[in-house]
Amino acid sequence: MRCLANTEALPCPMTWKDAVVAEAGVLRLSPWGVSGDNRTWKGRRVRGKGYRTMKKRTALTMLTSCMMVAATAGTYAQWDKVTDSQSNTIGLDKPVIIKATQPTMSNNADTRQLDDFATVDAEATFNVNHVDKKIGALQIKPTVKGQNVDGSIQVSEKDFIITVEEKAADSLAPNTPLKGLKTDSSTYQDSTVKEGDATYIVHLVPKVQGENGGSKTNEEWDEVGDLTVTVQGTLVGTAGEEVVE
């Protein structure tokens, strides 16, 4: 909308509902301003009905009041402190981490005498970091896999008599045998796990039919190729589990 500035006539296309026309010190307000209609000033016909008049002083008073309200609102926004923050730092509790080394394998092929059982030993070391009251025990679970050439004969840890010992740090001291869990006799528990390295020796003796409770004959064992032995270590909570006495 264009502004009147000492002009005789001003085309005034209405772009909002309430159009304003100024004349001889009077503001004329139209509630029916229609977009696209042209309005003129001083005696010429102005379309629309229901024009109301308002004195300049009244209009200026209303404008001044609005400006005061706006200024006051802005003052409140700057006076009041409505946002604040503080920060601090803290570290995370270190995770407990267990790392296993690849087992060292050995057998008694060079020392076995006639009628002795063939045996296999797997020696595995576990390193445990950040051990504290959260750790109650380390559970050792050995598994074995093997087969003959065509796979018709399969062997597992169930085909062996297994014992597990914690290796003594002092080579002159005896190793410490571990006991199996009551709930799973094939899992062995060390309740004295400490920070750092601990080494465990898994001793395997094959079961032979008619000799030590096995289901496989000497001939079947003769066909079995290399064995894969896995030693798994799992840390458990403070109580650990009940073991076989």
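Residues numbered from 1 in each chain as written. Predicted model: local features only at pLDDT ≥ 70, side-chain atom pairs only at ≥ 80, totals over all residues. Heavy atoms only, no water.

Let us look at the pattern of salt bridges. Within the structure shown, the criterion is met by three salt bridges. Between K167 and E123 there is a salt bridge, with the nearest N and O atoms lying 3.1 Å from each other. Of the two residues, K167 sits in the loop between β9 (160-166) and β10 (176-177) while E123 sits in strand β6 (residues 120-129), which places them 44 residues apart along the sequence. Across the pair K216 and D159 runs a salt bridge whose closest N-O atoms are separated by 3.2 Å. In this pair, K216 sits in the loop between β13 (196-206) and α2 (218-223) while D159 sits in the loop between β8 (154-156) and β9, placing the two residues 57 residues apart along the sequence. Considered together, K216 and D159 belong to a single accessibility category, that of buried residues. (Salt bridge = Lys/Arg side-chain N within 4 Å of Asp/Glu carboxyl O. Helix = DSSP H or I, 4+ residues; strand = E, 2+ residues; numbered from the N terminus. Buried < 20%, exposed > 50% of the residue type's maximum accessible area, 1.4 Å probe, protein only.)

Right, let's get into the layout of surface pockets. Empty space within the largest pocket amounts to approximately 810 Å³. Considering the residues around the largest pocket, the lining is formed by 26 residues, among which F117, A118, T119, P206 and W221 are closest to the centre. (1 Å grid on protein atoms, 1.4 Å probe; cavity = no way out; pocket = protein on both sides within 12 Å on 5 of 7 lines; lining within 4 Å. Points joined across faces, edges and corners; volume = space filled by probe spheres on them.)

Let us look at a negative patch on the surface. Taken together, the side chains of D150, E219, D222 and E223 define an acidic patch exposed on the protein surface. Mapped onto the elements of the fold, D222 is located in helix α2. (Patch = residues over 30% accessible without salt bridge, like charges linked within 9 Å, V, L, I, M, F, W, Y side chains within 5 Å. Areas by Shrake-Rupley, 256 points an atom, 1.4 Å probe, with all protein chains shown as cover. Lys, Arg positive; Asp, Glu negative; His and termini not counted. Charge placed at Lys NZ, Arg CZ, Asp CG, Glu CD.)

Examined against the element boundaries, L235 turns out to sit in strand β14 (residues 228-236). The contacts of L235, once residues within four sequence positions are left out, are V96, I98, V128, I135, A137, L138 and V193. (Contact = heavy atoms within 4.5 Å.)

What follows concerns the confidence of the model for the chain. Summary statistics for the chain give a mean pLDDT of 79 and a share of 67% for residues scoring 70 or more. Note on residues 1-38: pLDDT is under 50 here. Beyond four places in sequence and across chains, it has 75 contacts. (pLDDT = per-residue confidence, 0-100.)

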